[in-house]
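In case you want the letters, here they are:
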Amino acid sequence: MKRILITGAAGFLGSHLCDRFYAEGYAVIAMDNLITGRLSNIEHLFGKKHFEFHHHDISKFIHVAGELDYILHFASPASPIDYLKIPIQTLKVGSLGTHNLLGLAKAKNARIMVASTSEVYGDPEVHPQTEDYWGNVNPIGPRGVYDEAKRFQEAITMAYHRYHEVETRIIRIFNTYGPRMRLNDGRVLPAFIGQALRGEDLTVFGDGSQTRSFCYVDDLVEGIYRLLHSDIADPINIGNPDEITIGEFAEEIIQLTGTSQKVIYEPLPTNDPKQRQPDISKAKSLLNWAPVVNRTEGLKVTYEYFKSLSEEMLYQKEHNNFEAYIRK
Ligand code: UDP
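Residues numbered from 1 in each chain as written. Predicted model: local features only at pLDDT ≥ 70, side-chain atom pairs only at ≥ 80, totals over all residues. Heavy atoms only, no water.

> What is the right way to look at the pattern of salt bridges in this model?
As a working rule, side chains carrying opposite charge can pair if their charged atoms are close by. Tallied over the full model, the rule gives 21 salt bridges. A salt bridge links R3 to E52, with the nearest nitrogen and oxygen atoms 3.7 Å apart. With R3 in strand 1 (residues 3–7) and E52 in strand 3 (residues 51–55), this residue pair connects regions lying 49 residues apart in the sequence. Taking relative accessible area as the criterion, E52 reaches 33% and is therefore assigned partly exposed. Between E148 and R151 there is a salt bridge, and its shortest N-O distance comes to 3.7 Å. Remark: R151 and E148 occur in helix 4 (residues 144–164); sequence separation between them is three residues, near one turn of the helix. (Salt bridge = Lys/Arg side-chain N within 4 Å of Asp/Glu carboxyl O. Helix = DSSP H or I, 4+ residues; strand = E, 2+ residues; numbered from the N terminus. Buried < 20%, exposed > 50% of the residue type's maximum accessible area, 1.4 Å probe, protein only.)

> Hey, could you run me through the nonpolar core in this one?
With 63 residues, the main nonpolar core has I4, C18, F21, L72 and F74 as its most contacted residues. A total of seven residues in this core trace back to one element, the largest contributor, which is helix 6 (residues 217–228). Among residues more than four places away in sequence, those in contact with I4 are F21, Y26, A27, V28, I29, L68, Y70, L72 and L228. By size, the runner-up hydrophobic cluster in this structure holds 22 residues, among which are L5, M31, V93 and L101. (Core = buried A, V, L, I, M, F, W, Y, C linked by side-chain atoms within 4.5 Å. Contact = heavy atoms within 4.5 Å.)

> Would you mind showing me how to read the packing of helix 3 (residues 87–108) against helix 4 here?
In a pair of packed helices, the angle between the axes and the distance between the axes together describe the arrangement. Close contact between helix 3 and helix 4 brings their axes to 8 Å; oriented N to C, the two are set at 15 degrees. It follows that helix 3 is roughly parallel to helix 4 by the angle criterion. In terms of crossing hand, the pair formed by helix 3 and helix 4 is right-handed. Where helix 3 abuts helix 4, its residues P87, T90, L91, G94, S95, T98, H99, L102, G103 and K106 lie against V145, Y146, A149, F152, Q153, I156, T157, Y160 and H164. Among the residues forming the contact of helix 3 with helix 4, the class breakdown is nine nonpolar, nine polar and one charged. (Axes fitted to C-alpha atoms, helices over the stretch in contact; angles between N-to-C directions. Parallel < 35°, antiparallel > 145°, perpendicular 65-115°, else oblique. Left-handed = near helix turned anticlockwise from the far one by under 90°. Nonpolar A, V, L, I, M, F, W, Y, C, P; charged D, E, K, R; others polar.)

> In this structure, what is going on with the site of the ligand? I would like to understand it.
In the vicinity of the ligand there are 18 residues, among which T203, F205, R212, D272 and R276 approach most closely. One nitrogen or oxygen atom from the side chain of R212 is found 2.7 Å from an oxygen atom belonging to the ligand. Here the ligand, which alone exposes 520 Å², has 97% of that area covered by the protein. Of all the elements in the fold, those that place two or more residues in the shell around the ligand are helix 5 (188–198) and strand 8 (202–205). (Near = heavy atom within 4 Å. Polar contact = N/O pair within 3.5 Å; in protein donor to acceptor, adjacent residues only side chain to side chain. Areas by Shrake-Rupley, 256 points an atom, 1.4 Å probe, with all protein chains shown as cover.)

Shown next as structure tokens:
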């Protein structure tokens, strides 16, 4: 039986990865410090024979007993609101946390995949974004703590690959959505659906002409699975190239939810990328991967999930433990 360590395991992506790898017959070691993750995302796995959970902050030394075959490093705050509130922790998990995990991978002779992001391209001047584009990032802007931590993460991962010959994989994840996103993490999809469910107007930032391309979580997980089992050390974009303006996206959510609320406009956040669409030629040719879930299907499932949440969660301002960590 293969053993896999998944960091950020109680988060949106991490919890889906725990499910997938557990279902594939792996022994799963889940790790999370629960700043933004929630145990409810993985509580259905508790008590299972080959599943264990470690409450640990990976920016500190990591101890895992026994052999390890794989590491998936998916721990990080991942929404603009989160990393504005916990900037130092965001920098630490991407830098110190990644360093600790690469050291662990080396010691255990394990293959490691790190979760990078389309944010390494910043506000891109190349469209769609190909993996060989170096990006247009403001290091000292509000997104700098995330973008630069992820760029450092890629650099140190390649250094461990080249210098220590660690088997590394780098996935550049584009906007992804699905059940278990936090309702109030500030991301556009939960923001719009939450507003519709509460009977509030939908807040479009800027004039709504900026674009994003949204990938359903199951497609992303399939891409991760294939990349992990490939022999590709260079970064690979995984995302859905179906690009849409945020204004059009708001209209889609209005249709989906049947809300009678309207769109209101608020100022565009600093350094908000104007356009984003993955070029997935590499994933297609090297992994034989492409997304299969269209937005209409994916949004329906996601809406059902948000509808099933309690009133209390719907009106809760925060679903996180920022306060406990803010002084560290
Ligand atoms: N956005 C918006 N209204 C909101 C939340 C976000 O118009 O209530 C916009 C945001 O300015 C950005 C896009 O939606 O242009 C996607 O934002 P998100 O935070 O989901 O992800 P990212 O900017 O990291 O792609």
